[in-house]
Amino acid sequence: MKKKKLVSVLFTASLLVSGLSACSTGNTGTNDSTSNGITTIEFWAAPNPTQQVYWKEIAEEFTKENPDIKVNVSPMKESPTSEASIQSAIAGGSAPTMSENINRGFAAQLSESKALVPLNELEGWNDIIETRNMANTMNGWEFADGNQYVLPIYSNAMLFGWRLDILKELGYNQAPKTYSEVLDIAKKLKVKFPDKYVWAKADLADPTAWKRWFDFFMLYNAASDGNKFVEGTTFTGDAQAGEKVLGFMDDLRKENALLTRQSKDPFESGLGIFVDVGPWTIPYWEEKFPDLKFNENYTLALPPVPDGTETENVKTFADTKGLVVYASATKDQKAAAAKFIKWIYSNPENDLKWLEETNLPPARDDLATNDTFKMFFDNNPALQPYAASVPNAIPPMDNSKYNDIQTSIGQYAFNPVVKGEKDPKTAWKDMQEAIEGALK
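Residues numbered from 1 in each chain as written. Predicted model: local features only at pLDDT ≥ 70, side-chain atom pairs only at ≥ 80, totals over all residues. Heavy atoms only, no water.

As annotated in an unreviewed UniProt entry, the protein carries the name Extracellular solute-binding protein and is attributed to Niallia circulans.

Here's what the structure looks like:
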């Protein structure tokens, strides 16, 4: 599965907030969704064939056991974006009962317009969290108003890949854990292989908002122990941790260890020895780069951390999306949706089926220890580190202005430091001012 299929599509179209609010509760409490004792709920699946197959099969199994509820599964439209199609449906009064494929930033936009049901108000919500064994994972999902609007389905705990073969030539038998170790590797690399780089990635110099999930936030979550970057309308970023992250990037730049020009397959070719890696990359490598072997010439690791920081249970960024229930659903539909969700996640076999069909790690605290998944991970050892990291993976911010905020991180701080245009302290200060201005 390619990365572009998983990262959230960002957009700048206006929300038509008044229209969303007006339509979000228009049908609540009516019973027009129930006929002949059967309640029908509409479920929009992600525009991804494997996920659509999964949900159709699950819906059929559920209806066999619950004949009083019919679940119609259909793919959400991608044109111009899946988010835009959802907004249009809400504004037009044709929203589904529930859907998947929702990240926290987009959910924040919808919740501000009262277009989503607080899931914690659904009957049996606590039972769902307990039965699925996801309490730790859910800690990072609470919204600023204290509600939970999204149930995460999968959690891609982003890891960094290291070229283990090259590390060994530099005297390292495992991935470095601290900034000083990475910088030592950078120095030795440039001596032995002057034409190689630690991190070869053009995105490091690109201000596009979503790209910060796969560089800045991976490092920042690790350095700050998962600090909440923005809370409500307040910037709450950890300046000390943030400046250390920027300082780390500046130090790599000074060692000529960063390459920001476009290059073809830099990690796979060995031009760069360090890269952000999602679990969807593993089957891609197996198909396109069969010579890359896990724990032979590459390994996977959590982000490096500042010296003196705990190197166990390190936090990272989670590329993750989940389920929501729309406020326009009737009372019967909300009850049916709650029953459907509870039925799915009361049985770990349903999460195993999801994992087998999509390769996306279910958002469970016990993914690495539950015997249900043991055979899968025994057969897919490169995915084991992702399973173990799910409880420590931090989801995207729950702010409707996340696009502007993350653009500011790149524009005012991360990109200028990578290019040598600003020192870390000045860059953090400029970024903070820009973000606080956007939050007003």
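> Would you take a moment to explain the overall build of the protein for this structure?
A count of helices and strands for the protein gives 18 helices and 14 strands. Compactness check: the protein gives a C-alpha radius of gyration of 22 Å against a globular reference of 22 Å for 440 residues, within 12% of the reference. Overall, the protein is about 75 × 50 × 35 Å in size when its C-alpha atoms are taken along their principal axes. Relative to its full complement of 440 residues, the protein shows a buried share of 57%. The contacts in the protein between residues at least 6 apart in sequence include a share of 77% that link residues at least 24 apart. Roughly 17,900 Å² of accessible area belongs to the protein as shown, and the carbon and sulfur atoms make up 46% of that amount. Each charge class in the protein was averaged separately, 45 positive and 59 negative side chains, and the resulting centres sit 5 Å apart. (Helix = DSSP H or I, 4+ residues; strand = E, 2+ residues; numbered from the N terminus. Rg over C-alpha atoms; globule rule 2.2 N^0.38 Å. Buried < 20%, exposed > 50% of the residue type's maximum accessible area, 1.4 Å probe, protein only. Contact = heavy atoms within 4.5 Å. Areas by Shrake-Rupley, 256 points an atom, 1.4 Å probe, with all protein chains shown as cover. Lys, Arg positive; Asp, Glu negative; His and termini not counted. Charge placed at Lys NZ, Arg CZ, Asp CG, Glu CD.)

> Just checking my understanding: could you explain the layout of surface pockets for this structure?
A probe as big as a water molecule, rolled over the atoms, marks out the empty space that is left. Approximately 370 Å³ is the volume found for the second largest pocket. Lining the second largest pocket are 28 residues, and of these Gly140, Gly226, Lys228, Ile394 and Pro395 sit closest to its centre. Secondary structure elements with two or more residues in the lining of the second largest pocket: α6 (135–138), α9 (216–224), β8 (230–231) and β14 (393–394). (1 Å grid on protein atoms, 1.4 Å probe; cavity = no way out; pocket = protein on both sides within 12 Å on 5 of 7 lines; lining within 4 Å. Points joined across faces, edges and corners; volume = space filled by probe spheres on them.)

> Please clarify how helix α3 (residues 82–91) should be interpreted in this entry.
Given 3.6 residues per helical turn, the α-helix brings residues three or four places apart onto the same face. Burial of α3 is extensive: eight of the ten residues sit out of reach of the surface. When α3 is considered as a whole, its buried residues turn out to be Ser82, Glu83, Ala84, Ser85, Ile86, Gln87, Ala89 and Ile90.

> In this structure, what is going on with the packing of helix α10 (residues 239–254) against helix α18 (residues 424–439)? I would like to understand it.
Packed helices, taken two at a time, are described by their axes: the angle between them and the distance between them. Running from amino to carboxyl end, α10 crosses α18 at an angle of 130 degrees, the nearest separation of the two axes being 9 Å. Here α10 lies oblique to α18, going by the angle between them. Regarding α10 and α18, the two cross each other, and that crossing is right-handed. Counting all contacts with α10, which are made through Ala239, Gly242, Glu243, Leu246, Gly247 and Asp250, the residues of α18 involved are Pro424, Lys425, Ala427 and Trp428. Broken down by class, the residue content of the contact of α10 with α18 amounts to five nonpolar, two polar and three charged. (Axes fitted to C-alpha atoms, helices over the stretch in contact; angles between N-to-C directions. Parallel < 35°, antiparallel > 145°, perpendicular 65-115°, else oblique. Left-handed = near helix turned anticlockwise from the far one by under 90°. Nonpolar A, V, L, I, M, F, W, Y, C, P; charged D, E, K, R; others polar.)

> It is not clear to me how unusual backbone geometry should be interpreted in this structure. Could you clarify?
Negative phi characterises most residues that are not glycine, and trans characterises most peptide bonds. Of the consecutive residues Ser79 and Pro80, the connecting peptide bond is found in the cis state with omega at -5 degrees. Note that Pro80 resides in the loop between β3 (69–75) and α3. Even without being a glycine, Asn133 presents a positive backbone phi close to 60 degrees. One can find Asn133 in the loop between α5 (125–131) and α6. Look at Asn295: it is not a glycine, yet its phi comes out positive at around 65 degrees. Its location among the elements puts Asn295 in the loop between α12 (281–288) and β12 (299–301).

> It is not clear to me how the side chain of Asn399 should be interpreted in this structure. Could you clarify?
Tracing the backbone shows Asn399 in the loop between β14 and α17 (402–419). For Asn399, the side chain forms a polar contact with the main-chain oxygen of Gly232, separated by 2.8 Å. There is a polar contact of 2.8 Å between the side chain of Asn399 and the backbone nitrogen of Lys401. (Polar contact = N/O pair within 3.5 Å; in protein donor to acceptor, adjacent residues only side chain to side chain.)

> What should I look at first to understand helix α4 (residues 104–112) in this one?
Within α4, eight of the nine residues are buried, which leaves it mostly tucked inside the rest of the structure. Turning to α4, its buried residues number three or more, namely Arg104, Gly105, Phe106, Ala107, Ala108, Gln109, Leu110 and Ser111. Looking at the buried side of α4, the elements it contacts are α3, β4 (98–102) and α17. The residue sitting at the N-terminus of α4 and contributing the capping side-chain oxygen is Asn103; that oxygen lies 2.9 Å from the backbone nitrogen of Gly105.

> Explanation requested: the packing of aromatic side chains in the structure shown.
Between two aromatic rings, the relevant description is the distance of the centres plus the angle of the planes. Per the counting criterion, the structure on display carries 36 aromatic pairs. Aromatic pair Phe229 and Phe235: ring centres 5.1 Å apart, planes at 85 degrees, arrangement edge-to-face. On the basis of relative accessible area, Phe229 is assigned to the buried category, the value being 3%. The structure contains a cluster of three or more aromatic residues connected by ring pairs, namely Phe43, Tyr54, Trp55, Phe62, Tyr154, Phe340, Trp343 and Trp354. Arg163 extends its terminal NZ or CZ atom over the ring of Phe267, reaching a point 6.0 Å from the ring centre. Directly above the ring of Phe193 sits Lys196, whose terminal nitrogen or CZ lies 5.7 Å from the centroid. (Phe/Tyr/Trp six-rings, centres within 6.5 Å; stacked < 30°, edge-to-face > 60°. Lys NZ or Arg CZ within 6 Å of the ring centre and 35° of its normal.)

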